[in-house]
Amino acid sequence: MSSWKSIRITDRGFMFSLDAVIASMLLLFAFYTLIISVSSFAGQGSAQEEYVEKEMLALAVSEAIVKNRNMENPSTGAAYFNSEKMRVEQNVIDPALVSKATPMEFGKYELSAIYERNRAGKKYFFEQERENCIVMERFVLMKELLERKTIIGVEVCEK
Amino acid sequence: MKSEGIFSIEAATALSIVVFLALAFPSNENSETVLLQEAKASDLLIVWAMTESTESQMLGDAELLAGKNGFGLWVDGEELAPMPKGGSAAREIRSAGIFGTRTIRVSVGKN
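Below, the structure is looked at part by part. Small disclaimer: the values here were computed from a predicted structure and weren't measured.

1. Let's talk about the environment of Leu111 of chain A
Residue and element names in this part refer to chain A. With respect to the helices and strands, Leu111 occurs in strand 4 (residues 109-118). Taking the C-beta count within 10 Å as the criterion, Leu111 has 25 such neighbours and is therefore assigned buried. When residues no more than four places from it in sequence are discounted, the contact partners of Leu111 are Val61, Ser75, Pro103, Met104, Phe106, Val154 and Val156.

2. A few points about the interface of chain A and chain B
Facing the 17 residues of chain A at the interface are 16 residues of chain B. When contributions to the side of chain A that touches chain B are tallied by element, the ones reaching two or more residues are helix 1 (18-67), strand 2 (87-93), strand 6 (133-142) and strand 7 (148-158) of chain A. If one sorts the elements of the side of chain A that touches chain B by residue count, helix 1 of chain A sits on top with six residues.

3. Here's the deal with helix 2 (residues 31-51) of chain B
Along an α-helix, a turn takes 3.6 residues, which lines up residues three or four apart on a common side. Residue and element names in this part refer to chain B. Taking 1.5 Å as the rise per residue, helix 2 with 21 residues should run 30 Å; its terminal C-alpha atoms sit 31 Å apart, in good agreement. Of all the positions in helix 2, only Leu36, Gln37, Lys40, Ala41, Asp43, Leu44, Leu45, Ile46, Val47 and Trp48 are classed as buried. Once helix 2 finishes, Glu52 follows within two positions and takes phi at roughly 45°, a positive value.

4. Remarks on the packing of helix 1 of chain A against helix 2 of chain B
Interhelical geometry of helix 1 of chain A versus helix 2 of chain B gives an angle of 25° and a closest axis separation of 11 Å. Taken together, helix 1 of chain A and helix 2 of chain B sit at an angle that is classed as roughly parallel. Along this stretch, helix 1 of chain A crosses helix 2 of chain B, giving a crossing that reads as left-handed. In contact with Val52, Glu55, Met56, Leu59 and Glu63 of chain A of helix 1 of chain A, helix 2 of chain B contributes Glu32, Leu35, Leu36 and Ala39 of chain B.

5. What about the nonpolar core?
Ranked by internal contacts, the top residues of the largest apolar core, which has 41 residues, are Ile93, Val140, Val154 and Val156 of chain A together with Leu44, Ala62 and Val106 of chain B. Here this core gets seven residues from one element, more than from any other, and that element is helix 2 of chain B. Beyond its immediate stretch of four places on either side in the chain, Ala62 of chain B contacts Leu44, Phe71, Leu73, Ala81 and Val106 of chain B.

6. Regarding the pairing of strand 4 of chain A
All names here are of chain A. Examined bridge by bridge, strand 3 (residues 104-106) and strand 4 share three bridges and lie antiparallel to one another. When the sheet's bridge partners are listed, Met104 is paired in strand 4 with Leu111. With eight bridges connecting them, strand 4 and strand 7 associate as antiparallel partners. Its bridge partner lying in strand 7, Arg117 is registered against Ile151. Bridge count for strand 4 against strand 5 (residues 121-127) is six bridges, and the pairing is antiparallel. Note on strand 5: the bridge partner recorded for Arg117 is Lys122. In this antiparallel pair of consecutive strands, strand 4 and strand 5, the connection spans two residues.

7. Things to note about the environment of Ala39 of chain B
Structurally, Ala39 of chain B is set in helix 2. Along the chain, Ala39 of chain B and Asp61 of chain B lie 22 residues apart, while their C-alpha atoms are 15 Å from each other. Among all residues touching Ala39 of chain B, those that are not within four sequence positions of it are Leu59 and Glu63 of chain A.

Each value, and the rule that gives it
- Residues numbered from 1 in each chain as written.
- Chains lettered and ligands numbered in written order.
- Predicted model: local features only at pLDDT ≥ 70, side-chain atom pairs only at ≥ 80, totals over all residues.
- Helix = DSSP H or I, 4+ residues; strand = E, 2+ residues; numbered from the N terminus.
- Buried ≥ 20, exposed ≤ 12 C-beta atoms within 10 Å, placed from the backbone.
- Contact = placed C-beta atoms within 7 Å.
- Expected span 1.5 Å × (residues − 1).
- Axes fitted to C-alpha atoms, helices over the stretch in contact; angles between N-to-C directions.
- Parallel < 35°, antiparallel > 145°, perpendicular 65-115°, else oblique.
- Left-handed = near helix turned anticlockwise from the far one by under 90°.
- Core = buried A, V, L, I, M, F, W, Y, C linked by C-beta atoms within 7 Å.
- Pairing = 2+ DSSP bridges.

Set out below in structure tokens:
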């Protein structure tokens, strides 16, 4: 005669003990929290990386404008050329040259505006309406008949 | 067997995972911020060197660039404006220039 004995799985609390349920829930919750925090961290890192990239481009463009001189493309250099000293003067801006600057593309970003700011207010040399912009301001000397200390602002935006 | 004061393998593993995760992710400290601040401070020093600015002019110029409490300025060791609070400026990033007999130090905070 067969001696099969019927055993229910809950008889000895093997599978459905309260402890096991709580432990499983805690484990799942811990995994869920870990996944959420890692994905959030990754998202934050990506956004931060993009911001830094834009900030560095703005710094590089502003640096080029105030240190270099490019007659053909003043958006990459509008520094004043001192003919007596036979050299380009850093942080001295040629107003005639900077007023000819135009928007310029740099991959997924764009030089969207250049302006001058002083105590009297802000004057744009050119401006394009864009979103997600970053502004870099540099302290310079504007070389006019009367030299004046002023701020040149550069706006780099996403296209 | 007594095992007081000794990490179990589970505890040691958990601890090493935590340490690994802490080291695996980069810190949020922005080194590019330092570059931006240095560039702005350098701009001020370059222009002041060319224009032989007075101390009140320097204060006005730095305020125009960095805002009222956004910069620190020292001339020959005398503090004209205190170090800006917070951010990287708190780590005392200063650019210095010597103009004739004057030593000027300036620190620009992140706007």
